[in-house]
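The residues making up each chain are set out below.
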Amino acid sequence: MGHWTLDDIPWDRFEPDKVDPAILSIVKAASLVEQNGADYANYLCSVFADDAGFQAAARGWGTEEAQHGRALGRWATLADPIFDHAAACARFTAGFRVSPSAQHSVRGSRAGELVARCIVETGTSSYYTALAEATREPVLRAICRRIAADELRHYKLFYDHLSRYLAAERMGAWGRVRVALGRIVESEDDELAYAYHAANQPALPYDRRSAARAYARRAYAVYRPHHVERGMAMIFKAVGLKPHGRLNLLATRLAWWGMQKRVLRLERLAA
Ligand SMILES: [Fe+2]
Ligand SMILES: [Fe+2]
């Protein structure tokens, strides 16, 4: 049983004139990616084949992620009645599929897998917090707040299991930093770009580069410095560095500067 259901969302407070089209397009993309939760849960159960406790947690986690997809999809349909969430999900999974039966983690070890999961949950918890603050539409704000709280709990869940596996697998700070950096770079990969395409441009042929740019331009724009600072602290903690030291301050400034530069460049390209 999750912490909330779709019935807890105040759907009747929806205000169509407060929907921002740029936010709508990234919410549609997010609704597809979240829907993949069940496939990721299968993948995790396969990687952690002899860890029944973790498998149970992963199943519960996957169910919550899929609910995020349903809530966002329902909101997107309210905001754009022509949007067919089920059809968009089908298009997305037809073109992007998680391998559910991997015997080993694609991160090289179970501790590595858990570091990568912490990075993803850091990204989603910052993203939905930023979206909740960026939107003026009250129903979307209510949904994003609930999702952001879930993502933070997910981070804690994977972090707790990581602590257990770190002792067994003796993965050092450098190994964790490597996995974390790899996973951060991957957020530029096909999954989000293809979700953006499948949700927003189904009639056009898929052009990975332009879809990735279209997505990033809108998604990066919702962040503010405090989201980046908090996200950086979570990443530092996951890789075993002091979450609130000078290094974090420096990394936050660098990341914020890089994100701003990127948004400006993408806006110039789109103009
Ligand atoms: Fe989620
Ligand atoms: Fe999550």
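Being a predicted model, the structure only gives us computed values, none of them experimental.

Parameters at a glance
- Residues numbered from 1 in each chain as written.
- Chains lettered and ligands numbered in written order.
- Predicted model: local features only at pLDDT ≥ 70, side-chain atom pairs only at ≥ 80, totals over all residues.
- Heavy atoms only, no water.
- Phe/Tyr/Trp six-rings, centres within 6.5 Å; stacked < 30°, edge-to-face > 60°.
- Helix = DSSP H or I, 4+ residues; strand = E, 2+ residues; numbered from the N terminus.
- Lys NZ or Arg CZ within 6 Å of the ring centre and 35° of its normal.
- Donors = N, O, S within 2.8 Å, 3.2 Å for Na, K, Ca; no water.
- Buried < 20%, exposed > 50% of the residue type's maximum accessible area, 1.4 Å probe, protein only.
- Patch = residues over 30% accessible without salt bridge, like charges linked within 9 Å, V, L, I, M, F, W, Y side chains within 5 Å.
- Areas by Shrake-Rupley, 256 points an atom, 1.4 Å probe, with all protein chains shown as cover.
- Salt bridge = Lys/Arg side-chain N within 4 Å of Asp/Glu carboxyl O.
- Lys, Arg positive; Asp, Glu negative; His and termini not counted.
- Charge placed at Lys NZ, Arg CZ, Asp CG, Glu CD.
- Axes fitted to C-alpha atoms, helices over the stretch in contact; angles between N-to-C directions.
- Parallel < 35°, antiparallel > 145°, perpendicular 65-115°, else oblique.
- Contact = heavy atoms within 4.5 Å.
- Nonpolar A, V, L, I, M, F, W, Y, C, P; charged D, E, K, R; others polar.
- pLDDT = per-residue confidence, 0-100.
- Expected span 1.5 Å × (residues − 1).
- Polar contact = N/O pair within 3.5 Å; in protein donor to acceptor, adjacent residues only side chain to side chain.
- Left-handed = near helix turned anticlockwise from the far one by under 90°.

**Re the packing of aromatic side chains**
Scanning the model with the defined rule gives 11 aromatic pairs in all. Seen from their ring centres, phenylalanine 92 and tyrosine 194 are 6.1 Å apart, and the 25 degrees between their planes marks the pair as stacked. Linking phenylalanine 92 in helix H4 (residues 85-95) with tyrosine 194 in helix H8 (residues 190-200), this pair joins segments that are 102 residues apart in sequence. In this structure an aromatic cluster arises from ring pairing among Phe48, Phe54, Trp61, Phe158 and Tyr165. The lysine or arginine in question, arginine 117, covers the ring of phenylalanine 158, its NZ or CZ lying 6.0 Å from the ring centre.

**Some words on the coordination of the iron ion (ligand 2)**
Only Glu65 (OE), Glu121 (OE), Glu121 (OE), Glu151 (OE) and His154 (ND1) from the protein coordinate the iron ion (ligand 2), and they sit 1.9 to 2.8 Å from it. Of note, the iron ion (ligand 2) draws all its donor residues from one chain, in the sequence arrangement E-x55-E-x29-E-x2-H. If you look at the iron ion (ligand 2) and the iron ion (ligand 1), they sit 3.8 Å from each other and are both ligated by glutamate 65. Within this pair, whereas glutamate 65 is found in helix H3 (residues 52-79), its partner glutamate 121 is found in helix H5 (residues 110-134), the two being separated by 56 residues in sequence.

**Things to note about the environment of glycine 37**
Here glycine 37 lies in helix H2 (residues 37-47). Looking at glycine 37, the relative accessible area reads 4%, which means it is buried. Between the C-alpha atom of glycine 37 and that of arginine 217, which follows or precedes it by 180 residues, the distance is 25 Å.

**What about a positive patch on the surface?**
Residues Arg208, Arg209, Lys261, Arg265 and Arg268 make up a contiguous surface patch of positive charge. Among the elements of the structure, helix H9 (208-220) and helix H11 (246-270) are those that each provide at least two residues to the positive patch. It is H11 that provides the largest number of residues to the positive patch, a total of 3 residues. Position of arginine 208 relative to the elements: it lies in helix H9. Judged by relative accessible area, which is 38%, arginine 208 ranks as partly exposed.

**Details of the packing of H2 against H3**
Running from amino to carboxyl end, H2 crosses H3 at an angle of 170 degrees, the nearest separation of the two axes being 7 Å. The angle between the axes of H2 and H3 places the two elements in the roughly antiparallel class. For the pair formed by H2 and H3, the contact residues are Gly37, Ala38, Tyr40, Ala41, Asn42, Leu44 and Cys45 on the first element and Phe54, Gln55, Ala58, Arg59, Trp61, Gly62 and Glu65 on the second. By residue class, the composition of the contact of H2 with H3 is 8 nonpolar, 4 polar and 2 charged.

**A short note on the confidence of the model for the protein**
With 97% of its residues at a pLDDT of at least 70, the protein reaches an overall mean of 91. Of all helices and strands in the protein, the one with the weakest mean pLDDT is helix H7 (residues 173-186) (82), whereas H3 scores best (97).

**Considering H5**
In an α-helix, one turn spans 3.6 residues; hence positions three or four apart end up facing the same way. Taking 1.5 Å of rise per residue, 25 residues should cover 36 Å, and H5 covers 36 Å from first to last C-alpha, within 8% of that figure. Among the 25 residues in H5, 21 count as buried, and that is most of the element. Backbone nitrogen of glycine 112 and a side-chain oxygen of the N-cap are separated by 3.0 Å at the start of H5; the cap is serine 109.

**Focus: the packing of helix H10 (residues 225-239) against H11**
Across the interface, H10 lies against H11 with an axial gap of 9 Å and an inter-helix angle of 130 degrees. Considering the angle they form, H10 stands oblique to H11. Of the two possible hands of crossing, H10 and H11 adopt the one that is right-handed. Across the interface between the two elements, Pro225, Val228, Glu229, Met232, Ala233 and Phe236 of H10 pack against Leu247, Asn248, Ala251, Thr252, Ala255, Trp256 and Met259 of H11.

**Quick notes on a nonpolar patch on the surface**
Together, Leu241, Leu247, Leu250, Leu254 and Trp257 line one region of the surface with nonpolar side chains, adding up to about 530 Å² of accessible area. One can find leucine 250 in helix H11.

**Some words on the pattern of salt bridges**
Tallied over the full model, the rule gives 6 salt bridges. Residue arginine 153 is joined to aspartate 150 by a salt bridge in which the shortest nitrogen-to-oxygen separation is 2.6 Å. Placement of both arginine 153 and aspartate 150 in helix H6 (residues 138-169) is noted, with a separation of 3 residues, approximately one turn of the helix. Classification of arginine 153 as partly exposed rests on a relative accessible area of 28%. Given a relative accessible area of 4%, aspartate 150 falls into the buried group. Connected through shared salt-bridge partners, Glu64, Asp150 and Arg153 make up one network.

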